[in-house]
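Descriptive analysis of the structure
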Amino acid sequence: MSHKAINTIRSVFNELYPAPGSQDVLEELIATLEKARTDLPFEDQPEGWYKDAVVYSLYVDLFNGTFEGLKDKLDGLAELGVNCLWLLPILDSPMRDAGFDIRDYRNIRPDLLGMSDTTPVEEKQKAFREFLVHAHERGLRVIFDIAMNHTSESHPWFVESRKGPDNPFRDYYIWNKDTNRYKETRLIFKGMCPSNWEKDGEWYFFHRFFEFQPDLNYANPKVLLEICRILVFWLGQGLDGFRADAIPYIWKEDGTNCENLPQAHKIIKIFRAVLDYVRPNTLLLAEACQPPHEVVKYFGNGDECHAGYHFPLMPMIFKTLALSDATPVQHILHPSVTPGIAPENQWFMFLRLHDELTLEMVSPEDRAIIHGHYCKNPGWDFRVGEGISARLSELLDRDPGKIGLAYSIMLSLPGTPIIYYGDEYAKLNDEAYYESFRKETGKDDTRYLARGPLDWEKIALELKDTSSLTYKVNSLMHALLKARNSSGAFGRGSMQWAGVQYSPAGEAAIPVLAYFRSYGDDVVLVVNNLSGNPLEVTSVDSRAVNGINMPDGSAVSTPLVLEPYGFRWIKLSTNN
Ligand code: GLC
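So, how was this worked out
- Residues numbered from 1 in each chain as written.
- Predicted model: local features only at pLDDT ≥ 70, side-chain atom pairs only at ≥ 80, totals over all residues.
- Heavy atoms only, no water.
- Pairing = 2+ DSSP bridges.
- Helix = DSSP H or I, 4+ residues; strand = E, 2+ residues; numbered from the N terminus.
- Axes fitted to C-alpha atoms, helices over the stretch in contact; angles between N-to-C directions.
- Contact = heavy atoms within 4.5 Å.
- Buried < 20%, exposed > 50% of the residue type's maximum accessible area, 1.4 Å probe, protein only.
- Salt bridge = Lys/Arg side-chain N within 4 Å of Asp/Glu carboxyl O.
- Core = buried A, V, L, I, M, F, W, Y, C linked by side-chain atoms within 4.5 Å.
- Domains from an automatic or database assignment.
- Near = heavy atom within 4 Å.
- Polar contact = N/O pair within 3.5 Å; in protein donor to acceptor, adjacent residues only side chain to side chain.
- Areas by Shrake-Rupley, 256 points an atom, 1.4 Å probe, with all protein chains shown as cover.
- Nonpolar A, V, L, I, M, F, W, Y, C, P; charged D, E, K, R; others polar.
- Phe/Tyr/Trp six-rings, centres within 6.5 Å; stacked < 30°, edge-to-face > 60°.
- Lys NZ or Arg CZ within 6 Å of the ring centre and 35° of its normal.

1. A closer look at the sheet that holds strand S9 (residues 241-245)
Here eight strands make up a closed barrel; going around it, the order is S1-S2-S5-S9-S10-S11-S12-S16 and the pairing parallel. Strand-to-strand twist in this sheet, taken as the mean axis angle between neighbours without regard to direction, amounts to 25°. Where strand S2 (residues 84-87) meets strand S5 (residues 141-147), four bridges bridge the pair, whose relative direction is parallel. Within the sheet, the bridge partner assigned to Cys-84 lies in S5 and is Arg-141. Sitting on the sheet, helix H5 (residues 121-137) touches S2 and S5, and the angle it makes with S5 is about 140°.

Given below as C-alpha cells:
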C-alpha cells in the first residue's frame, strides 16, 4: 500500500525502531490502519476547521452532571458562540489527577453517562457516539484528552508490568534498579511529588507527573502500537480531535533533560500520519508548555500537530495587564521570539484552563512580577512559585473592566480561543471543592481551586441582576464572541501592529495595545486601553473614522475616548 502517510509511518518507524524484531509491530500497525480506514463510517473533516473554532473546555460532571446534562446546555453554548467542545478527561480513571490518570482508554466513566459500574463498555460507547451525533447536529465539534505520556498505576498494563522483570508488559514502562538514570530531568510537580522515580519492591519506575502516573516506555514499539490503536478507536467513534497531553516528555534519553527530544517529534509524526491516513483533518493539538522556539517545533513541517497552545503568550498577557504596558505582549509575539507558523497551523489561545497559570517557562524576573502581582493569596501558589491556581475573575480582582480587557486581547489576537467553563459566568475559586479533594487524597493540588461544579440556580439568579459580576461578564462574552464570529479576520487573518497616538502619553509604559486583523477585505482595528485611566486616541487610521464598532454596528465617534481598561473593535470602512 503506497500512501504518503503510510510511507511516513514506515520510514519514521524504522528510524525509531531499527531492530529487525520490530517489523512485525510495524506490519500490525499498518494492518490496523488499513482496516480502520476501510471501516470508517465518516467523511474526511474539512481542512482547517479548527481555525474557525471557538473552544469551550469543560468537565462533564462539574459542568452539568452528566452527558445528558451537557446536552441540555448545548444550545446555550452555541448561542454564546462556541462551536467546539474540549471534554476534559472522560475515560475510566481512579481520578487522582482529575482523570489524567487513565485506567482504560476505551471505557468512559459510567457516572458521566448516568450508568452503573456494571454497564457493558459497548453500551457506554454507544451512548457517547449518540452524544457526538447530537453535538454535531448542533454544529459543535468535540475533542478530548488522551494522556499519552503515562497511564494510571491501575491500568492493566502497569498492573502486569509491576509483577516482575519477566512479565511481558514489563517494558511498557521504565524500570531501573536505582534512580541514577535521567538525572537531568526536572521535577514538574515541585512541592507535591519530590522525585521522578518511585520505589516498587526492589525496583524503581519512572514518572514525570505524580507517582501514580507511571510513564510509558515508547522505546518499546508495542507501546506506540497500543496508543495508535487507541487513537484509531476514537476516530471510529466520531471524535473530531485529540489534545495530546504532555507530549514534550514522551521520549527519554540519558544525558538529556528528557524534553523535546527528536524521537518525541518522530512519535508525533507517526500519530499525525495515523490521523492523516484514517481521517484527515482530525485535530492533533499540542500541549507543550515550552519556550516559544520549542513550541513551534511541534508543528513540524506540516507533519506534526495542527495546532498548539500558545503557552509563551498567556503569561505575557497577564504581565501586560499587570504593568499596563503593551511591551510584554508585543515582545513575545515578535517573530524573533515566537517564530511565524505555516498557514495550516494555528495557535490555541487561552487565559485560564483547568491547570494553574503556569510560570514554568518565563524568566525569573517575569516570574517574580507575575507571581507577585497575581498570587493574592499564598494558598493559590502552585509548585512553589512556578504557578498560580485561581479563576480568572479572582486573578483580575472580580473587576468586569479588567476581565473584559483580558478577553478583548485573547479573543482578538491570532489564534483559536478557548473558554474555560464557568469563566463566562465569572466563576470564583471553589475553596470547598479544593478542600474536599485535599482531604480525600492528601495531595495539596491547588489547581482544584479553579475547578468545582457550576451552580446553575445561582447563575440563573445572578443573570437576572444586571448589576452582578456574572451578568456583566456574561453579556460582555456574548458581545465579544458575536463580534469575533462575524469576521474571518480573527481566526484566519494576519496581524499588524497599529501605531496610534494617545493622550495622556504614557511614561515608560505603553498603555495602548492596538493592532489590525485582516482577512481579504475584512479588516478590524482593535484598540485596548491597558490603563486604569481614561485614554483619548488622538490619531487613528483614517479608515476607522468611517468604520463601525463591533458588534453593534454603531458609528465610530472620533476622537476615540476609551474608558479605563476599555477597548474597541472597529470594522474598517473599505470606502475610503
Ligand atoms: C497535563 C494536564 C494536567 C495533568 C498533567 C499530567 O499537563 O493538563 O492537568 O496534571 O498533564 O497528566
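After presenting the structure, the write-up continues.
2. So, the pairing of strand S19 (residues 512-519)
In terms of burial, S19 is a largely internal element, seven of the eight residues being buried. Pairing between strand S17 (residues 494-497) and S19: four bridges, direction antiparallel. Looking at S19, one finds that Trp-497 is bridged to Tyr-515. Pairing of S19 with strand S20 (residues 522-529), which is carried by eight bridges, proceeds in the antiparallel orientation. In the sheet register, Arg-517 faces S20, and the bridge partner there is Val-524. Count of turn residues in the S19/S20 antiparallel hairpin: two residues, of which Gly-520 carries a positive phi of about 60°.

3. Focus: the sheet that holds strand S18 (residues 501-503)
Pairing is antiparallel in the open sheet, where three strands are placed in the order S18-S21-S23. The sheet terminates laterally at S18 and strand S23 (560-562), the two strands that pair on one side only. Across the sheet, the axes of successive neighbouring strands diverge by a mean angle of 30°, strand direction being ignored. With three bridges joining them, S18 and strand S21 (residues 535-539) adopt antiparallel strand pairing. For Gln-501, the partnering residue across the bridge sits in S21 and is Ser-539.

4. A short note on unusual backbone geometry
Cis geometry marks the peptide bond from Ser-503 to Pro-504, where omega comes out at 0°. Position of Pro-504 among the secondary structure elements: in the loop between S18 and S19. Put simply, Thr-558 and Pro-559 share a cis peptide bond, and its omega is -5°. Tracing the backbone through its elements, the reader meets Pro-559 in the loop between strand S22 (548-549) and S23. In this structure, Arg-398 is a non-glycine residue whose phi angle is positive, near 55°. Inspection of the secondary structure puts Arg-398 in the loop between helix H13 (392-395) and helix H14 (400-412). On the accessibility criterion, Arg-398 (45% relative accessible area) is partly exposed.

5. Details of the pattern of salt bridges
In this structure the tally under the stated criterion is 47 salt bridges. For Glu-356, the salt bridge is made with Arg-383, and the minimal N-O distance between the two is 2.9 Å. Residue Glu-356 is located in the loop between strand S12 (346-350) and strand S13 (357-358), and its partner Arg-383 is located in the loop between strand S14 (381-382) and strand S15 (387-388); the two are separated by 27 residues in the primary sequence. With respect to class, Glu-356 is no different from Arg-383; both count as buried.

6. Quick look at the nonpolar core
Nonpolar side chains in soluble globular proteins generally cluster together in the buried interior. Formed by 172 residues in total, the largest nonpolar core has its most connected members in Leu-85, Leu-87 and Tyr-218. Counting the residues that make up this core, at least three belong to each of domain 1 (152-215) and domain 2 (493-572). If near-sequence neighbours (up to four positions away) are discounted, Tyr-218 is found in contact with Tyr-17, Met-148, Val-223, Leu-224, Ile-227, Ile-250, Trp-251, Ile-267 and Phe-271. Formed by 16 residues, the second largest nonpolar core is a distinct cluster that contains Val-500, Val-527, Ala-544 and Leu-572.

7. What about the environment of Gly-255?
Locating Gly-255 in the fold gives a position in the loop between S9 and helix H8 (262-278). Between the C-alpha atom of Gly-255 and that of Tyr-182, which follows or precedes it by 73 residues, the distance is 6.7 Å.

8. Section: the site of the ligand
Taken together, Asp-97, Phe-100, His-150, Phe-189, Phe-209, Gln-213, Arg-243, Asp-245, Glu-287, His-354, Asp-355 and Arg-447 make up the full set of residues near the ligand. A distance of 2.8 Å is found between an oxygen atom of the ligand and a side-chain nitrogen or oxygen belonging to His-150. Protein burial of the ligand: of its 310 Å² of free accessible surface, 96% is covered by the chains. Split into classes, the residues belonging to the shell around the ligand amount to three nonpolar, three polar and six charged.

9. Describing the pairing of strand S7 (residues 197-200)
Side chains on a regular strand alternate between the two faces of the sheet. Pairing between S7 and strand S8 (residues 203-206): four bridges, direction antiparallel. Among the inter-strand pairings, Trp-197 is bridged to a residue of S8, identified as Phe-206. Connecting S7 to the next strand, S8, in antiparallel fashion are two residues, including Gly-201 with a positive phi near 65°.

10. A closer look at the domain arrangement of the protein
Domain assignment breaks the protein into domain 1 (152-215) and domain 2 (493-572). Look at where the C-alpha atoms of domain 1 and domain 2 centre, and you get two points 53 Å apart.

11. Topic: the environment of Cys-84
On the secondary structure map, Cys-84 appears in strand S2. Taking the C-alpha atoms as reference points, Cys-84 and Ser-195, 111 residues apart in sequence, are found 37 Å from one another. Residues within four places of Cys-84 in sequence aside, it is in contact with Trp-49, Ala-53, Val-54, Val-55, Tyr-56, Leu-140, Arg-141 and Ile-143.

12. A word on the packing of aromatic side chains
The tally for this structure, following the rule as stated, stands at 41 aromatic pairs. Both rings, one in Phe-189 and one in Phe-382, keep their centres 6.1 Å apart while their planes meet at 70°; by these two values the pair is edge-to-face. Note that Phe-189 is positioned in the loop between strand S6 (175-176) and S7 and Phe-382 in strand S14, a separation of 193 residues in sequence. For the pair formed by Phe-189 and Phe-382, the shared burial category is buried. Relative to Tyr-374, the ring of Phe-318 has its centre 5.3 Å away and its plane inclined at 85°; by these criteria the two rings are edge-to-face. With Phe-318 in helix H10 (residues 313-323) and Tyr-374 in helix H12 (residues 364-374), this residue pair connects regions lying 56 residues apart in the sequence. By relative accessible area, which is 0% here, Phe-318 ends up buried. The lysine or arginine in question, Lys-73, covers the ring of Trp-456, its NZ or CZ lying 3.7 Å from the ring centre.

13. Observations regarding the environment of Asp-254
Within the fold, Asp-254 resides in the loop between S9 and H8. A residue is classified by how much of its surface remains accessible, and Asp-254, at 44% relative accessible area, is partly exposed. It is 8.2 Å that separates the C-alpha atoms of Asp-254 and Glu-184, two residues lying 70 residues apart in sequence. In this structure Asp-254 touches Arg-181 and Tyr-182, once residues within four positions along its chain are discounted. Polar contacts involving the side chain of Asp-254 include one to the main-chain amide nitrogen of Tyr-182, which spans 2.7 Å.

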